[in-house]
Amino acid sequence: MVLISGTTVGGMDITEQHYASLKESDEHLDCLKSHDCGSSTRLMADFFGFFSEYTTISTACSSAANAIILGAEMIKSGEADIVVAGGSEALTRFHLNGFNSLMILDKERCRPFDDTRAGLNLGEGAAFIVLESEEHAQQRKASIHAWLAGYGNACDAFHQTASSENGEGAFIAMTEALNMAGLDATGIDYVNAHGTGTPNNDQSESVALRRMFGHQMPPVSSTKAFTGHTTSASGSIEAVICLLALAHQFIPENLGWQHPMPDGIIPITQHPSSNTQHPTPNTVLCNAFGFGGNDSALIFSKYNEFFREQEGTRIPPETKVLSRVEITSEEQLSEIRDFISPMEARRMGKLLKSSLLASLKALREAGIETPDAIVTATSMGCLENSERLLEQLETEGEVMLKPTYFMQSTHNTLSSNIAIRTHCHGYNVTYTQGRQSLEWALRDARRLIETGKCKNVLVGCHDETTPLYRDLMKRASADVFWSDGEKCQSSIHSIAIVLTTANNQHPSPNT
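Computed from a predicted model, the values in this text were never measured in an experiment.

Undergrad: Please clarify how the overall build of the protein chain should be interpreted in this entry.
TA: Along its length, the protein chain carries 16 helices and 14 strands. Here the protein chain has a C-alpha radius of gyration of 22 Å; the compact-globule value for 511 residues is 24 Å, and the two agree. The principal-axis extent of the C-alpha atoms belonging to the protein chain is close to 65 × 55 × 50 Å. Residues classed as buried in the protein chain amount to 59% of the 511 residues present. Considering only intrachain contacts with a sequence separation of at least 6, the fraction spanning at least 24 residues in the protein chain is 79%. Split by element, the accessible area of the protein chain, about 21,100 Å² in all, is 50% carbon and sulfur. Taking the average place of the 39 positive charges on the side chains of the protein chain and the average place of its 61 negative ones, the gap between the two points comes to 3 Å.

Undergrad: Explain the pattern of salt bridges here, please?
TA: Side chains that carry opposite charge are capable of pairing whenever their charged atoms lie near each other. Scanning all chains against the criterion turns up 21 salt bridges. Lys23 is the salt-bridge partner of Glu391, the closest N and O atoms lying 2.5 Å from each other. You can see Glu391 sitting in helix α12 (residues 383–396) and its partner Lys23 sitting in the loop between α1 (12–22) and α2 (37–48), a full 368 residues away along the chain. Look at Glu391 and you get partly exposed, because its relative accessible area is 28%. Among the residues examined, Lys23 registers a relative accessible area of 31% and is labelled partly exposed. Its salt-bridge partner being Asp471, residue Arg475 comes within 3.2 Å of it at the nearest N-O pair. Separated by 4 residues within a single helix, Arg475 and Asp471 lie in helix α16 (residues 467–475), roughly one turn from each other. Judged by its relative accessible area of 25%, Arg475 is partly exposed. Through salt bridges with shared partners, a single network forms among Glu53, Glu79, Arg443, Asp444 and Arg447.

Undergrad: What's the story with the packing of helix α3 (residues 63–76) against helix α9 (residues 234–248) in this structure? I'm lost.
TA: The axes of two packed helices give the description: the angle between them and the distance between them. Direction vectors running N to C along α3 and α9 enclose 70°, while the axes themselves pass 5 Å from each other. Regarding the angle of α3 to α9, the classification is roughly perpendicular. Between α3, through Ala64, Ala65 and Ile68, and α9, the contact on the second element is made entirely by Gly235, Ser236 and Ala239. Residues that form the contact of α3 with α9 fall into these classes: 4 nonpolar, 2 polar and no charged.

Undergrad: Even after reading the chapter, I still don't get unusual backbone geometry, so can you show me in this structure?
TA: For Phe113, which is not glycine, the phi torsion reads 65° and is therefore positive. One non-glycine residue with positive phi stands out, namely Met400, at about 55°. Along the chain, Met400 falls in the loop between α12 and α13 (403–407).

Undergrad: Please clarify how the packing of aromatic side chains should be interpreted in this entry.
TA: Here a ring pair, both rings aromatic, is described through the centre-centre distance and the interplanar angle of the planes. According to the stated counting rule, one finds 9 aromatic pairs in the structure shown. With a centroid separation of 5.2 Å and an interplanar angle of 90°, the aromatic rings of Phe47 and Phe48 are classed as edge-to-face. Here Phe47 falls in the exposed class, since its relative accessible area comes to 67%. For Phe48, a relative accessible area of 47% translates into the label partly exposed. An aromatic cluster is defined as three or more aromatic residues linked by ring pairs; in this entry it consists of Phe47, Phe48, Phe50 and Phe51. Geometry around Phe171 places Arg211 over its ring, the cationic atom sitting 4.1 Å from the centre. One cation-aromatic arrangement involves Arg435 over Phe481; the distance from NZ or CZ to the ring centre is 3.6 Å.

Undergrad: Explain α1 to me, please; I cannot follow it from the model alone.
TA: Note that an α-helix has 3.6 residues per turn; residues three or four places apart therefore point the same way. Listed as buried for α1 are Met12, Thr15, Glu16, His18, Tyr19 and Leu22. On its buried face, α1 is in contact with α4 (93–101), α12 and α16.

Undergrad: Please clarify how the side chain of Thr378 should be interpreted in this entry.
TA: In this structure, Thr378 sits in the loop between β11 (373–377) and α12. On the basis of relative accessible area, Thr378 is assigned to the buried category, the value being 0%. In contact with Thr378, not counting residues within four places along its chain, are His411, Leu414, Thr430, Tyr431, Thr432, Gln433, Ser437, His462, Asp463 and Ser483.

Undergrad: Help me out: how do you make sense of the environment of Ile241 in this one?
TA: Following the sequence through the fold, Ile241 ends up in helix α9. On the basis of relative accessible area, Ile241 is assigned to the buried category, the value being 17%. Sequence separation between Ile241 and Cys286 is 45 residues, and the spatial gap between their C-alpha atoms is 9.4 Å. Apart from the residues lying within four places of it in its own chain, the contact partners of Ile241 are Asn192, Thr223, Thr227 and Pro252.

Undergrad: Looking at this model, I keep getting lost on the nonpolar core. Mind explaining?
TA: Generally speaking, a soluble globular protein has its nonpolar side chains buried in company with each other. Ranked by internal contacts, the top residues of the largest apolar core, which has 49 residues, are Ile4, Leu298, Phe300, Tyr431, Val457 and Val459. The dominant element in this core, judged by the number of residues it contributes, is α3, at 8 residues. Setting aside residues no more than four positions away along its own chain, Phe300 makes contact with Ile129, Trp147, Leu148, Ala239, Cys242, Leu243, Leu246, Asn282, Thr283 and Val284. Leu29, Cys31, Tyr469 and Met473 belong to the second largest nonpolar core, which has 30 residues in total.

Undergrad: Explanation requested: helix α6 (residues 168–181) in the structure shown.
TA: Under the 1.5 Å per step criterion, the end-to-end length of α6 is 20 Å for 14 residues, consistent within 8% with the ideal 20 Å. Burial in α6 covers these residues: Gly169, Ala170, Phe171, Ile172, Ala173, Met174, Ala177, Leu178 and Ala181. Looking at the buried residues of α6, the elements they touch are β5 (146–155), α7 (199–213), β8 (283–290) and β9 (294–302). Downstream of α6 by one or two residues, Gly182 has phi in the positive range, about 70°.

Undergrad: So what exactly am I meant to see when it comes to the pairing of β8 here?
TA: Residues in a regular strand project their side chains so that they alternate between the two faces of the sheet. Counting buried residues in β8 gives 8 out of 8 residues, a clear majority hidden from the surface. Burial along β8 is two-sided: the residues Thr283, Leu285, Asn287 and Phe289 and Val284, Cys286, Ala288 and Gly290 are all buried. Bridge count between β8 and β9: 8 bridges; the pairing is antiparallel. Across the sheet, residue Thr283 finds its bridge partner in β9, namely Ser301.

Undergrad: What is the right way to read the side chain of Ser222 from this model?
TA: Mapped onto the elements of the fold, Ser222 is located in the loop between β7 (220–221) and α8 (224–227). Within the local environment of Ser222, its side chain forms a polar contact with the backbone oxygen of Gly195, the two atoms lying 2.6 Å apart. In contact with Ser222, not counting residues within four places along its chain, are Pro112, Phe113, Ala193, His194, Gly195, Glu253 and Asn254.

Criteria and cut-off values
- Residues numbered from 1 in each chain as written.
- Predicted model: local features only at pLDDT ≥ 70, side-chain atom pairs only at ≥ 80, totals over all residues.
- Heavy atoms only, no water.
- Helix = DSSP H or I, 4+ residues; strand = E, 2+ residues; numbered from the N terminus.
- Rg over C-alpha atoms; globule rule 2.2 N^0.38 Å.
- Buried < 20%, exposed > 50% of the residue type's maximum accessible area, 1.4 Å probe, protein only.
- Contact = heavy atoms within 4.5 Å.
- Areas by Shrake-Rupley, 256 points an atom, 1.4 Å probe, with all protein chains shown as cover.
- Lys, Arg positive; Asp, Glu negative; His and termini not counted.
- Charge placed at Lys NZ, Arg CZ, Asp CG, Glu CD.
- Salt bridge = Lys/Arg side-chain N within 4 Å of Asp/Glu carboxyl O.
- Axes fitted to C-alpha atoms, helices over the stretch in contact; angles between N-to-C directions.
- Parallel < 35°, antiparallel > 145°, perpendicular 65-115°, else oblique.
- Nonpolar A, V, L, I, M, F, W, Y, C, P; charged D, E, K, R; others polar.
- Phe/Tyr/Trp six-rings, centres within 6.5 Å; stacked < 30°, edge-to-face > 60°.
- Lys NZ or Arg CZ within 6 Å of the ring centre and 35° of its normal.
- Core = buried A, V, L, I, M, F, W, Y, C linked by side-chain atoms within 4.5 Å.
- Expected span 1.5 Å × (residues − 1).
- Pairing = 2+ DSSP bridges.
- Polar contact = N/O pair within 3.5 Å; in protein donor to acceptor, adjacent residues only side chain to side chain.

Listed below in structure tokens is the structure:
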């Protein structure tokens with residue numbers, strides 16, 4: 001049995017309580033053991049004691065949805081019989097003030113898809129679902145609640161926090177999900193929208209939904225006015241809401257909506273102008289979109305013994321390494337000027353630079369401009385920026401915080417930055433499970449190639465440390481390891497690997 005959890009905050013709720021005292025006292029050094037995202041999943045696995053494997057996905061607000069997608073893929077490939085997949089997130093000062101620095105919080109109740117919407121309300125929570133094959137569930141006489149009929153993972157490749165005007169990433173993710181389920185737009189009875197209540201998301205998602213469904217728009221609602229935006233956990237919490245809607249045959253209401261937005265969707269409410277005539281749901285679409293354009297979509301259908309996914313027998317292709325590049329010192333970062341302008345480089349922290357540099361060099365050596373997919377491993381992401389935001393919170397209080405620090409503190413900012421630079425709209429995911437992170441990333445990349453979903457995959461392993469973190473770990477008598485399992489020997493460590501099928505021929509960069 002495998003546990004897959006999505007989170008971005010990890011143990012920050014404890015770390016931020018002791019950040020100031022950690023510099024002077026060893027009293028709370030133990031909080032470092034639970035700081036990183038992977039540690040929260042490890043603690044859950046240790047508590048139950050029966051999981052053979054566990055890992056953590058951190059793609060901001062699509063983390064839990066991507067955990068469910070990974071679980072399904074592991075069952076299909078025979079790597080697991082049962083997967084418990086979902087996500088959890090806790091409110092923190094770091095989280096709350098980070099979103100506030102982006103000026104996208106609403107002090108009133110959020111109003112998704114309303115013309116007066118002013119931002120999101122943050123929430124916290126957790127939800128997990130049990131995934132298994134039909135055959136395995138029937139063998140143990142389990143009650144089957146629904147089918148995970150289809151899913152899609154795509155990248156908007158537009159901006160670190162904003163969605164594109166045409167909702168490209170969302171549209172691709174929904175299209176992939178429908179194609180996998182063997183459905184057209186008329187096959188969806190209800191859409192649980194990402195619908196955060198921010199001006200940008202609701203406009204972009206409305207465009208994507210209109211591109212997807214046209215004049216045959218199914219009932220749509222956002223449930224975030226009930227739960228708040230639970231960020232990394234939202235994909236699984238709203239998946240559970242969709243499963244309840246299927247089981248009890250209802251459509252959740254979009255609370256707070258009163259005023260139609262220009263060219264926006266009209267969600268399901270009790271408002272007289274809302275379409276209250278709708279079918280009972282048998283097949284539902286659940287959207288989860290994250291910072292960096294990490295967009296995912298899930299389709300659940302009522303369990304029907306006549307539903308079968310048809311897959312032909314195929315021989316998995318072998319994979320080979322086209323290129324491999326390492327960045328292990330800050331002195332190498334000057335080479336980034338070969339790829340981006342000095343102004344762009346100044347906006348990036350060290351790890352953003354090293355991850356981008358290693359990736360672009362590896363792609364150049366492989367003769368590839370845009371990879372089919374980007375799979376990233378990192379233990380703690382841009383630790384330097386997380387530390388800077390904590391320091392600013394401590395010394396300056398909860399006003400005028402730098403949004404850049406928060407934007408670059410999310411783990412998937414590394415892979416989304418690479419996607420933006422390479423115009424990659426394909427599969428994009430970030431693993432953060434300590435020193436096992438790269439192992440999980442490589443497994444995913446090989447699975448993408450072996451199942452024919454991709455011809456090539458850019459895999460990255462990117463980590464950094466800071467003087468404060470190294471001092472704290474030294475005082476705690478703990479070693480620091482990179483996400484590839486190697487012991488830390490420098491302040492930054494980036495590896496970029498391009499994988500492809502063994503029979504796939506790419507032109508050399510000089511051709």
